Amino acid sequence: MKTIEEQLNIWGRERRPCLFVLDFELRRPLLWPLDEVPQDSVWYNLNGISNTSEDISASSDFYFHKFPLSFQEFDQKFQKVHRELLAGNSFLTNLTARTRVETNLSFQEIFQRSEAKYKVWLRLSNDSDVEEIVCFSPEIFVRVQDDFISSYPMKGTLDAALPNAREHLLADEKERYEHATIVDLIRNDLAQVTTERWVERFRYIDEVQTHDKTLLQVSSEIKGRLPENWANALGTLLLRLLPAGSITGAPKPKTVEIIQQAEAEPRGYYTGIVGIFDGKNLDTGVMIRFLEQTSSGTFFRSGGGITFRSDRGGIPGVD
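It should be emphasised that the depicted structure is a prediction, and the values quoted were computed from it without experimental measurement.

Definitions and cut-offs
- Numbering of residues starts from 1 in each chain and follows the order in which that chain's sequence is written.
- Given that the model is predicted, a residue must reach a pLDDT of at least 70 before its local features are reported, and side-chain atom pairs must reach 80 or more before they are shown or counted; all residues, however, enter totals for whole chains, interfaces and linings.
- Side-chain calculation: all heavy atoms of the structure are included, whereas hydrogens and water are not.
- Helix and strand definitions here come from DSSP, where helices need a minimum of 4 consecutive H or I residues and strands a minimum of 2 consecutive E residues; each element is numbered from the N-terminal end.
- Using a 1.4 Å probe on the protein chains alone, a residue whose accessible area is under 20% of its type maximum counts as buried, one over 50% counts as exposed, and one in between counts as partly exposed.
- We define a salt bridge as a side-chain nitrogen of Lys or Arg found within 4 Å of a carboxyl oxygen belonging to Asp or Glu.
- Here a pair means two rings of Phe, Tyr or Trp (six-membered ring of Trp) with centres within 6.5 Å. Their orientation is stacked below 30 degrees between planes, edge-to-face above 60, and tilted elsewhere.

**Let's talk about the environment of Gln-7**
Part 1 of the argument: If you trace the backbone, Gln-7 turns up in helix α1 (residues 4-14).
Part 2 of the argument: The exposure class of Gln-7 is buried, given its relative accessible area of 18%.
Part 3 of the argument: Here the alpha-carbon distance between Gln-7 and Leu-234, two residues 227 residues apart in the chain, equals 9.1 Å.

Quick look at the structure:
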């Protein structure tokens, strides 16, 4: 059986269009030639490239109730991470948690209703617990066009309705530190696959609409030049860059260890990546804004960056 890297390298050399969904731990990767994606169990819309219609048949009368993790449960995880940060073992750690939710919408209806750059719905048969997922992510992992690779890490989120929200978000010392750390990490990641790289834009703000509010989201753009034959090593390129720096932290290998100890459960497809190679270019997204159906119920997964400046004021907000 071919590894993820081997199969994607083959399709890259063949310039064969393909879809892939890679879980955070890389234990249950899903790969298909684009003309063989099983529509009965996989829907995708990645920047307008889709295998399904967007007709909304669900009733406008829906509910979405949240039952957050208790502060005490979260604080145990936070304290584990914060001790590692104070010890200098990490500069930034993205800590995530599950929130149990109840809704009368199916995951397919959520897929249809949501507005995001990267949307995917999966009915799973290769996981013992997770039965179904839906993701509606605004975050780009990497894009490749004309031999240039770009990454757009998102770090820093605030409710747009708060007074002076933009000014407060850009001036926040913790947010500045966190964002600069991730930009430096992504630039170093791109150094593994590029001949040159640079920061094209630093800390610009986008508006992200949720079902009940507008969020301000801070991003940066880092670019690099790839070798002309980069597609011949498509799988190698992706695996060198994974996991995504924006949802792990720095330094990446040690921080991933800290995450696994603090979270004490696999992330699965949450914070993995979904992407399309069209035979010439590559477009991938980080799987945040994520719901999963398990044997224990329905869960929304979210997280936030923890630095040594962080306090115990609450659980992570929306990704």
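Back to the write-up after that little detour.
**Overview of the pattern of salt bridges**
Part 1 of the argument: If you walk through the whole model with that rule in mind, you get 18 salt bridges.
Part 2 of the argument: In this structure, Arg-16 and Glu-36 form a salt bridge, with 3.2 Å as the shortest nitrogen-oxygen distance. Pair noted here: Arg-16 is in the loop between α1 and β1 (18-22) and Glu-36 is in the loop between β2 (30-33) and β3 (42-46), with a separation of 20 residues, a long-range link.
Part 3 of the argument: The shortest N-O distance in the salt bridge between Lys-155 and Glu-178 comes to 3.4 Å.

**Here's the deal with the packing of aromatic side chains**
Part 1 of the argument: Considering all chains together, one arrives at 7 aromatic pairs under this definition.
Part 2 of the argument: Taking 5.8 Å as the distance between ring centres and 90° as the angle between the ring planes, the aromatic pair formed by Tyr-177 and Phe-308 counts as edge-to-face. A residue pair is termed long-range when its members are at least 10 positions apart, and Tyr-177 in helix α5 (residues 173-190) and Phe-308 in the segment after β18 (297-306) qualify at 131 residues.
Part 3 of the argument: Overall, the relative accessible area of 25% leaves Tyr-177 in the partly exposed class.
Part 4 of the argument: For Phe-308, a relative accessible area of 39% corresponds to the partly exposed category.
Part 5 of the argument: Ring geometry for Tyr-270 and Phe-290: centres 5.5 Å apart, planes at 50°, overall tilted.

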